[in-house]
Amino acid sequence: MDMKYREFHHRHPGVLLIKNRLLAQLGINVFRYEKDRHKKRMKIAITIVIAICLLVLMIYCGAAAYGYAYLGLAKLIPGVAMVLSSLITLFFTIFKANGDLFAFRDYDTLMSLPIPIRTVIYSRLGNMYFWNTFIASLVMVPMAIVYTLFVDTSFPVLLFWIG
């Protein structure tokens, strides 16, 4: 293993905790190490269903933005995108916060490691931040594309969409 990799994770164990949590949530280890074909098929089916739902969300957001632009309300798209992504993030956080922050199954294992408690909490918050950013980008990107097609935008406006 590369020395820089080990040294970085030794100094920043929260990054390693976030990475391990993402691997567990995405089920990548099931694809890599599981020998039971039924479990692999179930994980593939669940992944396909989630991908379809996320694709439908993106299409819905793009279609809603197109509807606003078609009606001549293209100037409202940034506000609608912000409100919509904020509401989705709020509901996602409300439903995920309890399980991610307080009722996690690996509590005993994590507390036995020589890692400060605040690092564990920061890693959980970082994981939630990653997923919230991902969901918000699924809403914002299609709406931004439609907005830039219908409205003559400048560089600061594009920075708004990125930020």
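As shown above, the structure is provided for reference.
The paragraphs below set out a description of the structure included in this document. Predicted model, so just to flag it, every value in this text is computed and none were measured.

On to the packing of helix α4 (residues 37-70) against helix α7 (residues 117-150). Remark: α4 packs on α7, axes separated minimally by 8 Å, with the N-to-C direction vectors making an angle of 30°. Crossing hand, α4 versus α7: right-handed. Here α4 contributes L54, L57, M58, C61, G62, A65, Y66 and A69 to the contact with α7, which in turn contributes F134, I135, L138, V139, P142, M143, V146 and F150.

Looking now at the layout of surface pockets. In this structure, the largest pocket encloses a volume near 540 Å³. In terms of lining residues, the largest pocket is bounded by 17 residues, among which Q25, L26, I50, L54 and W131 are the most central. For the lining of the largest pocket, the elements supplying multiple residues, two or more each, are α2 (13-26), α4, α5 (77-102) and α7. The biggest single contributor to the lining of the largest pocket is α4, with 8 residues.

This paragraph deals with the packing of aromatic side chains. In the structure shown here, the tally under the stated rule is 4 aromatic pairs. Geometrically, the ring pair formed by Y66 and Y70 is stacked, given 6.2 Å between the ring centres and 25° between the ring planes. A residue pair is termed a helical-turn pair when its members lie 3 or 4 positions apart in one helix, as Y66 and Y70 do in helix α4 at 4 residues. Overall, Y70 belongs to the exposed group, its relative accessible area being 64%. An angle of 65° between the planes, with centres 5.6 Å apart, marks the rings of Y66 and F150 as edge-to-face. Within this pair, whereas Y66 is found in helix α4, its partner F150 is found in helix α7, the two being separated by 84 residues in sequence. Looking at Y66, the relative accessible area reads 45%, which means it is partly exposed. For F150, a relative accessible area of 43% translates into the label partly exposed.

The next subject is the packing of α2 against α7. The contact between α2 and α7 brings their axes to 9 Å, and the two run at 50°. Between α2 and α7, the interaxial angle falls into the category oblique. Seen along the crossing, α2 lies across α7 with a hand that is right-handed. Along its contact with α2, which presents P13, G14, L17, I18, R21, L22, Q25 and L26, the element α7 presents T119, V120, S123, R124, G126, N127, F130 and W131. Residues belonging to the contact of α2 with α7 are distributed by class as follows: 8 nonpolar, 6 polar and 2 charged.

Thresholds, definitions, all that
Residues numbered from 1 in each chain as written. Predicted model: local features only at pLDDT ≥ 70, side-chain atom pairs only at ≥ 80, totals over all residues. Heavy atoms only, no water. Axes fitted to C-alpha atoms, helices over the stretch in contact; angles between N-to-C directions. Helix = DSSP H or I, 4+ residues; strand = E, 2+ residues; numbered from the N terminus. Left-handed = near helix turned anticlockwise from the far one by under 90°. Contact = heavy atoms within 4.5 Å. 1 Å grid on protein atoms, 1.4 Å probe; cavity = no way out; pocket = protein on both sides within 12 Å on 5 of 7 lines; lining within 4 Å. Points joined across faces, edges and corners; volume = space filled by probe spheres on them. Phe/Tyr/Trp six-rings, centres within 6.5 Å; stacked < 30°, edge-to-face > 60°. Buried < 20%, exposed > 50% of the residue type's maximum accessible area, 1.4 Å probe, protein only. Parallel < 35°, antiparallel > 145°, perpendicular 65-115°, else oblique. Nonpolar A, V, L, I, M, F, W, Y, C, P; charged D, E, K, R; others polar.

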